[in-house]
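Breakdown of the fold
Letter by letter, the chains look like this.
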Amino acid sequence: MENYKVYPVFDIHVVKAQGAYVWDDHGTKYLDMYGGHAVISIGHSHPKYVSNITKQVQEIGFYSNSIKIPIQDELAHELGELSGLTDYNLFLCNSGAEANENALKLASFETGRKKILGFKKGFHGRTSLAVAVTDNPKIQSPANPTDHIDLFELNDLEGVSEALKSKDYAAVIIEGIQGIGGIYKPTNEFLIALEQLCKETGTMLILDEIQSGYGRSGKFFAFQYAGIQPDLVSVAKGMGNGFPIGGVLIAPRFEASYGQLGTTFGGNHLACAAGLAVLDVIKEEGLIHNAAEMGEYIKSELAEVSAIKEIRGKGLLLGLEFDYPVKDIRSRLLTEFKIFTGAATSPNVLRLLPPMGIGKQEVDAFVKALKEILS
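Below or above, wherever it landed, is the structure these notes cover.

Our focus in this paragraph is the sheet that holds strand S3 (residues 29–32). Taken together, four strands build an open sheet; the order of strands is S1-S2-S3-S13 and the sheet is mixed. On the outer flanks of this sheet lie strand S1 (14–18) and strand S13 (339–340), each paired with one strand and no other. Bridge analysis of S1 against strand S2 (residues 21–24) gives four bridges, and the strand direction is antiparallel. Bridge assignment links Ala 17 to a residue of S2, and that residue is Val 22.

Below you can see the structure in the form of structure tokens.
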């Protein structure tokens, strides 16, 4: 048996990782400016993370949600405190797609409606309902599309307003910052108006913060730049620094009932230990502030590079757009300068999603390499 080959891969075998760097099996050192799809939040192999997981697995790694698991309550409390959403509840699962799937179900349960409003260039996962509201027909099987999904242009307030007046929609789902779509941020004005429209029409507002959350944008959640309060917030990626974990933050208006949602592995002891380590390190090392500061530093260092058409994003969730595909730039950064970067749906966008603890030394190395390539 062989692996089912659905990923194009670089011919690199990474065997060690520390902080913002990884090493291959030949001992070559690489700077990680991509963080494994924004998953590595507090840095590779952080000692607090390693210690938490090691200690936990020596005691108990897993038991089902049929017993009390106090570490889940501890994680929920710490997440509420650090994010500012202290009165929300937390449902734990295993991935971003699963988080969105459950958020959409909760919205439909709450409203009794089935239609969902999403946005073009949006990405919400690969499971059934999450992929149906994702703007990418290439990853939808014939069984996925449904007639109760409507997609609008980002920031199209007039179109969204007219649609929601029907009161047919269970939810609006929107990314705090569109990641895979090319690092597009809804304006603060749009989010504020959208929150109000949802309240007026009894529609649940779901903020997908799977990539933009957990401090990466320079605030705990990207939607907090607009000062709004969503009904549901989905999280994953940086939540576990590489350990599979996801969750839905649920506003107090929702009333739980037994059997309403469920998961086998969600909220297991190991996942929660990883999640607590992430929150502790974010707080103790001031990583949200660092993400904001380093994001502005990258922007300032690249502001005068004429080949870059536009720099989008907040904090350490950045997209550099060019007038041409970035495939060769990414390839040269990797092969000549040993720097990992990311791509987007648009072939002209270079994505930067490094660990949130990177410093000026790492940024300077990337900027120097990019400038050399572009010159």
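Picking up after the structure, the text goes on.
Attention now moves to the environment of Leu 117. Tracing the backbone through its elements, the reader meets Leu 117 in strand S5 (residues 115–119). Owing to a relative accessible area of 0%, Leu 117 belongs among the buried residues under this scheme. Expressed as a C-alpha distance, the spacing of Leu 117 and Leu 205, which sit 88 residues apart in the sequence, is 9.8 Å. In contact with Leu 117, other than residues within four places in its own chain, are Asp 150, Phe 152, Val 160, Ala 163, Leu 164, Tyr 169, Ala 171, Val 172 and Ile 173.

Attention now moves to helix H3 (residues 70–83). Taking 1.5 Å of rise per residue, 14 residues should cover 20 Å, and H3 covers 20 Å from first to last C-alpha, within 8% of that figure. Buried-residue contacts for H3 involve helix H2 (47–59), strand S4 (89–93), strand S10 (246–250) and helix H8 (269–284). Immediately downstream of H3, the backbone of Gly 84 shows phi near 90 degrees, a positive value.

Taken in spatial order, the four strands of this open sheet run S11-S12-S15-S14, and their pairing is antiparallel. Unpaired on one side and paired on the other, strand S11 (310–314) and strand S14 (342–343) mark the two borders of the sheet. Its contacts with the sheet put helix H9 (residues 287–302) on S11, strand S12 (317–321) and strand S15 (349–352), and the angle it makes with S12 is roughly 15 degrees.

Quick notes on the rules
Residues numbered from 1 in each chain as written. Predicted model: local features only at pLDDT ≥ 70, side-chain atom pairs only at ≥ 80, totals over all residues. Heavy atoms only, no water. Pairing = 2+ DSSP bridges. Helix = DSSP H or I, 4+ residues; strand = E, 2+ residues; numbered from the N terminus. Buried < 20%, exposed > 50% of the residue type's maximum accessible area, 1.4 Å probe, protein only. Contact = heavy atoms within 4.5 Å. Expected span 1.5 Å × (residues − 1). Axes fitted to C-alpha atoms, helices over the stretch in contact; angles between N-to-C directions.

This is a description of form; function is not addressed.
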